[in-house]
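An overview of the molecular structure
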Amino acid sequence: MWLKPEEILLKNAFKLWVTEKDNEYFVLQRRRGYGEGGGGLTGLLVGTLDTVLDSTSKVAPYRILHHTPDSQVYWSIACGVTREEIVQHWDWLQQNIMRTLSVFDSSEDITSFVQGKIRGLIAEEGKSSLVLEEDPEKFREAHLRFEKWFELPTEEKLVTYYSCSYWRGKVPCQGWLYLSTNFLCFYSYLLGSEVKLVISWDEIWRLEKTSNVILTESIHVLAHGEDHYFSMLLHLNETFVIMEQLADYSIKRLFDKEAFQREPALSDPLQITKRGLEAHAKSEQFRTFFRLPKEENLLEVHESFLWVPFSHFNTLGKICLSENYLCFASQDGSQCHVIIPMREVVNVEKPDSGSRALTVCVRGKRALRFSEVRDFQRLANTLRSRCGISASPQHSASSESLINHFEDNPEDVTLMVGQKDSSKAVSTEALMTVFHPQDVENLDPKMLKEKMKEQSWNIHFSEYGRGTSMFFTRKTRDLIVRGVPEALRGELWMLFSGAVNDMATHPGYYTELVEQSLGTSTLATDEIERDLHRSLPEHPAFQSDTGISALRRVLTAYAYRNPKIGYCQAMNILTSVLLLYAKEEEAFWLLVAVCERMLPDYFNRRIIGALVDQAVFEDLIREHLPQLVEHMTDLSFFSSVSLSWFLTLFISVLPIESAVNVVDCFFYDGIKAILQLGLAVLDYNMEALISCHDDAEAVTILNKFFDSVTNKDSPLPPTVQQASVGNNDKASHFNVDISELIREAYEKYGNIRSEEVESSRKRNKLHVIQTLEDTTKQNVIRVVSQEVKFSASQLDELYNLFKRQHFLSCYWTMKSPALLHHDPSLAYLEQYQLGFQQFSVLFSLLEPWAFCTSKSTLSLWIFRLIDENQDGLVNFKEFCCALDTLYSGSFTNKLKFLFKLHLPPEDWFQCSALNSDIVTQYFVYFSFLCVKLTGRGKVDLQAYLKQWQNEILKKEETIKDLPRINQTQFIQFSKTLYNIFHGNPEEESLYRAVAHVTSLLLRMEEVGRRLQEPSKASTTPETFDTSGSHNSQDAAPDLSELEWSFSFEQVLASLLNEPALVSFFERPVDVHAKLGQAKVAQLKTP
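Residues numbered from 1 in each chain as written. Predicted model: local features only at pLDDT ≥ 70, side-chain atom pairs only at ≥ 80, totals over all residues. Heavy atoms only, no water.

The secondary structure content of the protein amounts to 46 helices and 24 strands. Here the protein holds 1086 residues, and the buried ones make up 52% of them. Long-range pairs, those at least 24 residues apart, make up 68% of the contacts in the protein with a sequence separation of at least 6. Split by element, the accessible area of the protein, about 50,000 Å² in all, is 53% carbon and sulfur. (Helix = DSSP H or I, 4+ residues; strand = E, 2+ residues; numbered from the N terminus. Buried < 20%, exposed > 50% of the residue type's maximum accessible area, 1.4 Å probe, protein only. Contact = heavy atoms within 4.5 Å. Areas by Shrake-Rupley, 256 points an atom, 1.4 Å probe, with all protein chains shown as cover.)

Their axes nearest at 11 Å, the elements helix α25 (residues 636-648) and helix α27 (residues 671-684) cross at an angle of 130°. Comparing the axis directions of α25 and α27 gives the class oblique. The hand of the α25/α27 crossing is right-handed. Residues Phe638, Trp645 and Phe646 of α25 form the contact with α27, whose own contacting residues are Ile671, Ile674, Leu675, Gly678, Val681 and Leu682. (Axes fitted to C-alpha atoms, helices over the stretch in contact; angles between N-to-C directions. Parallel < 35°, antiparallel > 145°, perpendicular 65-115°, else oblique. Left-handed = near helix turned anticlockwise from the far one by under 90°.)

This part takes up the pattern of salt bridges. When their charged atoms lie close together, side chains carrying opposite charge are able to pair. Across all of its chains, the model carries 43 salt bridges by this definition. In this structure, Glu584 and Arg553 form a salt bridge, with 2.8 Å as the shortest nitrogen-oxygen distance. One end of the pair, Glu584, is in helix α22 (residues 584-598); the other, Arg553, is in helix α20 (residues 545-561), and 31 residues separate them in sequence. Residue class for Glu584 comes out buried when judged on its relative accessible area of 0%. For Arg553, a relative accessible area of 18% corresponds to the buried category. Between Glu740 and Arg743 there is a salt bridge, and its shortest N-O distance comes to 2.5 Å. Of this pair, Glu740 and Arg743 both sit in helix α31 (residues 738-749), three residues apart, which is roughly one turn of the helix. For Glu740, a relative accessible area of 38% corresponds to the partly exposed category. The exposure class assigned to Arg743 is partly exposed, which follows from its relative accessible area of 35%. (Salt bridge = Lys/Arg side-chain N within 4 Å of Asp/Glu carboxyl O.)

Turning to the confidence of the model for the protein, a few remarks are in order. Across the protein, the average pLDDT comes to 78, with 76% of residues at 70 or higher. This model gives residues 127-133 a pLDDT under 50, and the stretch forms two contacts once residues within four places in sequence are excluded. Per-residue pLDDT stays below 50 along residues 722-733; that stretch engages in 16 contacts with residues further than four places along the chain or on separate chains. (pLDDT = per-residue confidence, 0-100.)

Core analysis: the biggest nonpolar cluster contains 146 residues, and Phe370, Phe496, Met571, Phe603, Trp645, Phe667 and Leu682 have the highest contact counts within it. Among the elements that make up this core, the one with the highest residue count is α22 (10 residues). With near-sequence residues (within four places) excluded, Trp645 lies in contact with Phe617, Phe650, Val653, Ile674, Gly678, Val681, Leu682, Leu702 and Phe706. (Core = buried A, V, L, I, M, F, W, Y, C linked by side-chain atoms within 4.5 Å.)

Take the sheet that holds strand β17 (residues 345-349) next. Pairing in this open sheet of eight strands is antiparallel, and the strands run β17-β18-β19-β13-β14-β15-β16-β20 from one edge to the other. Here the strands that pair on one side only, and so sit at the sheet edges, are β17 and β20 (471-473). Adjacent strand axes in the sheet meet at a mean angle of 30° when their direction is disregarded. Summarising the sheet, strand β13 (residues 300-308) and strand β19 (residues 366-371) pair through two bridges and their orientation is antiparallel. Its bridge partner being in β19, Phe305 is matched across the sheet by Ser371. (Pairing = 2+ DSSP bridges.)

Bringing the sheet that holds strand β11 (residues 218-223) into the picture now. Across the sheet, which stays open at both edges, the seven strands sit in the order β9-β8-β7-β6-β12-β11-β10 with antiparallel pairing between neighbours. For this open sheet the edge positions go to β9 (193-200) and β10 (204-210), each flanked by a neighbour on one side alone. Averaged over neighbouring strand pairs, the angle between their axes works out to 30° when direction is ignored. In this sheet, strand β7 (residues 171-180) lies alongside strand β6 (residues 158-168) in antiparallel orientation, the contact comprising 10 bridges. Each residue of the ladder has a partner; that of Cys164, found in β7, is Gly175. Running over the sheet, helix α6 (residues 236-254) touches β6, β7, β8 (183-190), β10 and β11 and is turned about 160° from β10.

A separate point is the pairing of β19. For a regular strand, the rule is simple: side chains alternate between the two faces of the sheet. Across five bridges, strand β18 (residues 358-362) lies against β19 in antiparallel orientation. Bridge assignment links Cys361 to a residue of β19, and that residue is Ala367. Hairpin remark: β18 followed by β19, antiparallel, with three residues in the connecting loop; positive phi at Gly364, about 90°.

Position of Lys453 among the secondary structure elements: in helix α14 (residues 445-464). When its relative accessible area of 15% is taken as the criterion, Lys453 is described as buried. Apart from residues no more than four positions distant in its own chain, Lys453 is found in contact with Arg482, Gly483, Pro485 and Asp713.

Once that is clear, we can look at a negative patch on the surface. Negative charge collects at one region of the surface, where Asp634, Asp694, Asp695 and Glu697 lie side by side. Note on placement: Glu697 falls in helix α29 (residues 695-708). Residue Glu697 is classed as partly exposed on the basis of its relative accessible area of 31%. (Patch = residues over 30% accessible without salt bridge, like charges linked within 9 Å, V, L, I, M, F, W, Y side chains within 5 Å. Lys, Arg positive; Asp, Glu negative; His and termini not counted. Charge placed at Lys NZ, Arg CZ, Asp CG, Glu CD.)

What follows deals with the side chain of Asn501. Position of Asn501 among the secondary structure elements: in helix α17 (residues 499-505). Those residues in contact with Asn501 that lie beyond four places of it in its chain are Leu292, Tyr325, Pro341, Arg343 and Thr468.

Now for helix α18 (residues 509-517). Residues lying three or four places apart along an α-helix face the same way, a consequence of the helix completing one turn every 3.6 residues. The set of residues buried in α18 consists of Tyr510, Thr511, Leu513, Val514 and Ser517. An end-on view of α18 places all buried positions within 160° of arc, on one side of the element. (Arc of directions from axis to C-beta.)

Here the focus is the side chain of Arg291. Along the polypeptide, Arg291 turns up in the loop between α8 (274-290) and β13. For the buried Arg291, no salt bridge exists, and the shortest N-O distance to an oppositely charged side chain is 5.9 Å, to Asp669. Here Phe667 takes part through its backbone oxygen, which lies 2.7 Å from a polar atom of the side chain of Arg291. Within the local environment of Arg291, its side chain forms a polar contact with the backbone oxygen of Tyr668, the two atoms lying 3.2 Å apart. For Arg291, the residues in contact, after removing those within four places along its chain, are Phe496, Ser497, Gly498, Arg597, Met598, Phe667, Tyr668, Asp669 and Gly670. (Polar contact = N/O pair within 3.5 Å; in protein donor to acceptor, adjacent residues only side chain to side chain.)

Okay, helix α15 (residues 474-482) next. Within α15, the full set of buried residues consists of Thr476, Leu479, Ile480 and Val481. Tucked inside the fold, the buried residues of α15 contact α14, β20, α16 (489-497), α26 (656-669) and α31. Structurally, the start of α15 carries an N-cap: the backbone nitrogen of Lys475 is 3.2 Å from a side-chain oxygen of Thr473. Two residues or fewer after α15 comes Gly483, characterised by a positive phi angle close to 115°.

Our next topic: the packing of aromatic side chains. The final tally for this structure, using the stated rule, is 56 aromatic pairs. Where Phe588 meets Trp589, the ring centres are 5.1 Å apart and the plane angle is 75°; that geometry is what we call edge-to-face. Relative to Phe1065, the ring of Phe1064 has its centre 5.3 Å away and its plane inclined at 85°; by these criteria the two rings are edge-to-face. Its relative accessible area of 5% is what places Phe1064 among the buried residues. (Phe/Tyr/Trp six-rings, centres within 6.5 Å; stacked < 30°, edge-to-face > 60°.)

Here the focus is the pairing of strand β5 (residues 74-80). The buried count for β5 comes to seven of seven residues, which makes it a mostly enclosed element. The pairing of strand β1 (residues 2-8) with β5 spans four bridges and is classified as antiparallel. Considered in β5, the bridge of Ile8 is made with Tyr74.

Here we take up the environment of Leu383. Inspection of the secondary structure puts Leu383 in helix α9 (residues 376-390). A relative accessible area of 2% means that Leu383 is categorised as buried. Sequence-wise, Leu383 and Leu321 are 62 residues apart; in three dimensions their C-alpha atoms are separated by 8.8 Å. With sequence-adjacent residues up to four places away left out, Leu383 is seen in contact with Leu321, Leu326, Met342, Val348, Leu358 and Val360.

Taken N-terminus to C-terminus, the directions of α16 and α22 make an angle of 35°; their axes are 10 Å apart at the nearest point. In terms of crossing hand, the pair formed by α16 and α22 is left-handed. Residues Trp493, Met494 and Ser497 of α16 touch α22, and the partners they reach there are Glu586, Leu590, Ala593, Arg597 and Met598.

Take unusual backbone geometry next. With phi around 50°, Glu151 is a residue other than glycine that occupies positive phi space. Here Glu151 is to be found in the loop between α5 (136-150) and β6. Not every positive phi belongs to a glycine, and Leu649 is a case in point at roughly 55°. Tracing the backbone through its elements, the reader meets Leu649 in the loop between α25 and α26. On the accessibility criterion, Leu649 (0% relative accessible area) is buried.

Right, here's the structure in full:
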């Protein structure tokens, strides 16, 4: 059958496949172990594996691959169970495809044509053999097996399942892979051997496709330091994508809530489905490729031909439709693509129903003709409907005068919006226009070259269009690489970044933000004020109040719009450059595009996005600069050096006139342009870096190189060019032109695909976040280890249990107090905390004794006791100190802990007598209240300092400091001891010992009460005489309480007289066994 074209790894595949037929563009292969000959020992091994494995996982014995002579990439396009079937496909290719391929000029066009043709064949076959992707009955049966085998809570939702092999060492176990919202599970039972594996997505460090000697492709999962390999998947790529999406979903939901809150489609973990994940991933790719607002979702895709007027050729591609945009991309994505906002469409016509074509007319008297659209009638109706709905009042006026206006002033198509109700305080001119106006009479060589660039762009606009519906082609990129004219920079930045669409759909939004944020005082505004005069300080624009005020307004407005990010260092440098070439409102929307779309997670508390791209950069260095890797095995140096490259887009290290050329490329190609340039910089300095002896010398080499970069075509005056250069002493022996450096970067590394970068980002994000989490864990363990007797390994296991319990409250809801309270910016100890419900469950798994029926009440008392700041949450240190006392404390300390449990404040003691459900509800409410009060706004540093000071000055508590326990509390204390002994082999002797202690204490108190009676009688009249009736009423209860109170010394002395009790409390606890049991039972606990 025909297969959707997929790139395959052939590193080791030739050992498993034999080529039977081949030509210039196609290869027919047979798997060893099938057909004639059998293939010897290798064929016997392969055939045996394929035979014993589940039928749904078998590899088809025949396949056809597509390739081109000048490419090492192979694409699988067909497979067959029998030789007759595959030969039939081969003959069809020979008769229908081979002769057509000779007309193409490039290999890319050939591959694009073949892929398009195969997809068309699959679509045609699908019409006659359409079946449901998942059989509901089979899925229900799989879900029942999933619940039975893994015993997870019933709330856990199964997303999908696959048949596969799991490799334990060198032996494969055939079984079933189950992918649920929070867990990756595998189950196998063969020949009496059961294999069960459960890994939560938030524990995975690495997820990737790999190949090894035995298997051509498999999925590698790294978790808890262990490697897991899954292979023999019928749809390996589909499986990997779903796994990648679930892991990314878990990371965003549990660790990176700032990014997750921007994705309402995935807000409910109980509603996650395979189809929903796939739709979300496609929409995300769609938005990223076309630079569309985050609200857009991919609704429809239609294969079609688009008439390209500048090439006089119909190009094959796909129409992608969202709520407010009609987009088209050619087959390979690089030839051309176009974005048509619905607000720009004035008409949709169907010239000829027989040709299955439609024409979309846009403003500026332009039309785009799509042909061979299978469902063209429905598409035309959809477009008309959406254009009518989404057209704004200013666009609905389709008068001839308006069209003529855009024809005469095409740049207004891009920049017409956003001026509504603009405040006089907002600058309406780019700062470069104000502080460096172009002299039209200046005919020096640089200005002449600048005019030639403008002319080249004007010619490009006349052929490819101008504004939001311009064609993006290879020629566009070539012009970008050569450099954008100063006069067009702001307009093109807006267009390429997609900020023009944000601005068009939010008229007046920026002015409102400026007015609302005016005069506000927050931590972000304080940081902004501090950094205002550090932003391009030598540039004339930022030596005046005009530039500084504009910079302040843009940064403050963005901090007000997005308080989760607020303000981050490096935003001021980037924004200052944006203000030079774009109007103030445009600069704001450019900043929005950079922070929220083009550089996701860069400008937050942990700069996760920048760390991820550094890891991507390291991978590219290993792939493209092997000589450098051989010399510098530790690539972390390049991560530290390149951080400023990514955060400021090279603006902080390059002269301003050179840096803007880099920003040009960034807005067109995204982070790919920065990665390419970084590789080119290292490649240019390869020999010097290889010969250096230490990191300091390497840093000096790179700094000298950046200082030597010039822009020979820049029309800026020398004073402005020197403004942003960190070191004015230029290297005299050589200069590097930025245009040549960028051109070299595109020539050498332009084959890096954006899809590969995004895939690498997802892969490395797991590792980056887990590394940050591991750093947090190590810091917490280092602090706690000084307070307890647990070993480092035991603390490590305890931390994992504690963190898992925190996440268990988050797995099936988005509103748990623990999840809402989690804030990576807090102190290490406060990042993960447990509310009462989570604490009660975890403590029940780790408690050294059985607390039996009073478990809920006693857990409440323990929680109250160790919650030192009374915020309704317990951190890891508080939890460990309590557990350490119960596990490893002396007899006196354990008894003191139990004694203090029964000395709560009056309101706490009354609460403990309530029904456990009421107690739980109280704590849930209290936890939410704490989150609401403390989880937002500034971190109270003074409170942290005060708490730290109190901990330092806190003296050791002695037994004499403990208050006396009254009769009611003592009775409850005795009940607690009875419950602790329940189920113990020596239960009877322990009960007798407690009875002896109780009777002894009561007799002692009876004697003491009788001895005190004469003194009470003599002092009572005096009290009435001197204090009055009011004081006597207050004193009476105290006397009554003193009659039946016990000191801790009395209780301790009495218990020490009972060897059975002392032996019980001093008996060591098997910590390792307790931790192991808790780890197994934690997921099963409701």
